[in-house]
Amino acid sequence: MLIRRLPTSERVVALTFDACQTLKPAGYAPQIIATLRKERIPATLFLGGRWMEWHADITKNLAHDPLFEIGTHSYLHPHFPKLTEKQMRADLEKTLAVHQKLTGRKPKAFRPPYGEHNPLTVKVAESYGLTSVLWDVETGDPDPGVSATEIVREVFRQTKPGSIIIQHMNGRGWHSPEALPELIAGLRKRGYRFVYVSAMNRPV
Ligand SMILES: [Zn+2]
């Protein structure tokens, strides 16, 4: 299964934060987690396998907090449609092993790196019990030129019931930490409440 939005007409929204890993160590934006905790906002975090290894203590801490659902973002952030099925499976199996070791659980949600997918990537992910999760609200936060004000404006403009919003928590969602408090306040004011992505599998 592949989803871009939660199947609901209720005013719910899923905040998602990717922790992408690259050849160089990717960082961590603790302000995002601090804001989510302060405001008691549930969120789905898509952590890359290698990112989890580089941030093992942080990963364990996040996994123990019921506020967060931990999804996977692959091990090495490859372009999945360019891989053979064997390569896809090797990457996913590696990341699932890391996930199990550090969180004690299996993820249900998979964010394909770069959002790149095809029927085979979706099918392979599904064979591990993973729903491929895209998004319908893009903040543009990987661009350092996109300001906090612009992020907030875009989210308010694009969000509708069931929207899945993508941001980054690896330090490369440049202005997302700054934008988050206003974004949460504004969505609340518009009557939205916040759910995990996996809320799609149960009544919300
Ligand atoms: Zn990514």
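Owing to the predicted nature of the structure, the values given are computational and were not obtained by experimental measurement. (Residues numbered from 1 in each chain as written. Predicted model: local features only at pLDDT ≥ 70, side-chain atom pairs only at ≥ 80, totals over all residues. Heavy atoms only, no water.)

(A) Seen up close, the pattern of salt bridges. By the definition in use, this model includes 9 salt bridges. Put simply, Arg5 and Asp136 hold a salt bridge, and the shortest N to O gap is 3.9 Å. Here the residue Arg5 occupies a position in the loop between strand S1 (2-3) and strand S2 (12-19), and Asp136 occupies one in the loop between strand S6 (131-133) and strand S7 (137-138), the gap between them amounting to 131 residues. A salt bridge links Arg188 to Glu39, with the shortest nitrogen-to-oxygen separation between them at 2.9 Å. Residue Arg188 is found in helix H7 (residues 176-189), and its partner Glu39 is found in helix H1 (residues 30-39); the two are separated by 149 residues along the sequence. Classification of Glu39 as partly exposed rests on a relative accessible area of 26%. Salt bridges sharing common partners tie together Arg5, Asp136 and Lys160. (Salt bridge = Lys/Arg side-chain N within 4 Å of Asp/Glu carboxyl O. Helix = DSSP H or I, 4+ residues; strand = E, 2+ residues; numbered from the N terminus. Buried < 20%, exposed > 50% of the residue type's maximum accessible area, 1.4 Å probe, protein only.)

(B) Molecular detail of the coordination of the zinc ion. Looking at the metal site, the zinc ion is ligated by Cys20 (SG), His73 (NE2) and His77 (NE2), spaced 2.0 to 2.2 Å from it. If you list the donors of the zinc ion from N- to C-terminus, the spacing comes out as C-x52-H-x3-H. Among the residues examined, His77 registers a relative accessible area of 9% and is labelled buried. (Donors = N, O, S within 2.8 Å, 3.2 Å for Na, K, Ca; no water.)

(C) Main features of the nonpolar core. In this structure, Leu15, Phe17, Leu36, Leu45, Phe68 and Met169 are the most contacted members of the largest nonpolar core, which totals 38 residues. In terms of residue count, the dominant contributor to this core is H7 (5 residues). If we skip the residues at most four places from it in the chain, Leu45 touches Phe17, Ile33, Leu62, Phe68, Glu69, Ile70, Gly71 and Met169. The next biggest cluster of nonpolar side chains, apart from the first, holds 14 residues, and it includes Ile3, Val12, Trp135 and Val197. (Core = buried A, V, L, I, M, F, W, Y, C linked by side-chain atoms within 4.5 Å. Contact = heavy atoms within 4.5 Å.)

No statement about biological role is implied by the geometric values presented.
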